[in-house]
Each structure stands twice: as C-alpha cells, then as structure tokens.
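Examination of the molecular architecture
These are the residues of each chain, in order.
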Amino acid sequence: MYLFYSYEQLQTLQCFSWVDFTSFNSFHEVIFTLGVNIYFLVFLIFILSISYKIINRLFNIIF
C-alpha cells in the first residue's frame, strides 16, 4: 500500500467534491497534492506520537 495520495486519487475523494479541478494548472496540481500529503503526514505523526505516549504510560503503570 502506498502511503501518500496521487493527484488522480485526490480528485476521486468525496471530501474534495466542492473543488473544481478543471481549472487547476500544473503548478496548482503539484501544490495541492503536496499540501494534502503533508497534512496527512503531520496528522499521522500526531496520532502515532499520542499512541506512543499512551503505550508508554500503560507500560509504566503495569510495571
């Protein structure tokens, strides 16, 4: 499974149905794709860091 989204995959997502992709030029496509992938990566790091802290806290409580 590939972690990041391509521009074609982003066009098919329901959450971006309000975006008019026909008016994008190549620069807008690259910026939009990078922006969504960076946002996804930051969200993933945030969730993983919270999970890591919870697991460490539980480990310290148990032992």
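Residues numbered from 1 in each chain as written. Predicted model: local features only at pLDDT ≥ 70, side-chain atom pairs only at ≥ 80, totals over all residues. Heavy atoms only, no water.

**Looking at the overall build of the protein chain**
Each helix and strand in the protein chain was counted, giving 2 helices and 0 strands. Here the C-alpha atoms of the protein chain give a radius of gyration of 17 Å, more than 25% beyond the 11 Å that 2.2 N^0.38 yields for 63 residues. Structurally, the protein chain occupies a C-alpha span of about 60 × 20 × 20 Å along its principal axes. The buried share of the protein chain, reckoned over its 63 residues, is 14%. For the protein chain, the accessible surface area stands at approximately 5600 Å², while carbon and sulfur atoms represent 71% of it. (Helix = DSSP H or I, 4+ residues; strand = E, 2+ residues; numbered from the N terminus. Rg over C-alpha atoms; globule rule 2.2 N^0.38 Å. Buried < 20%, exposed > 50% of the residue type's maximum accessible area, 1.4 Å probe, protein only. Areas by Shrake-Rupley, 256 points an atom, 1.4 Å probe, with all protein chains shown as cover.)

**Quick notes on the packing of aromatic side chains**
All chains considered together, the criterion is met by 8 aromatic pairs. Plain terms: the ring middles of Phe 21 and Phe 32 are 5.6 Å apart, the flat faces sit at 70° to each other, and that makes the pair edge-to-face. One end of the pair, Phe 21, is in the loop between helix H1 (7-12) and helix H2 (26-62); the other, Phe 32, is in helix H2, and 11 residues separate them in sequence. Judged by its relative accessible area of 17%, Phe 32 is buried. An aromatic cluster is defined as three or more aromatic residues linked by ring pairs; in this entry it consists of Tyr 7, Phe 16, Phe 21, Phe 24 and Phe 32. (Phe/Tyr/Trp six-rings, centres within 6.5 Å; stacked < 30°, edge-to-face > 60°.)

**Quick notes on the nonpolar core**
Within the largest apolar cluster, 7 residues are counted, these being Tyr 7, Leu 10, Phe 16, Val 19, Phe 21, Phe 32 and Val 36. Of all the secondary-structure elements, those providing two or more residues to this core are H1 and H2. Leaving out residues up to four positions away in the same chain, Phe 21 has contacts with Tyr 7, Leu 10, Gln 11, Phe 16 and Phe 32. (Core = buried A, V, L, I, M, F, W, Y, C linked by side-chain atoms within 4.5 Å. Contact = heavy atoms within 4.5 Å.)

Shape descriptors only; they carry no functional weight alone.
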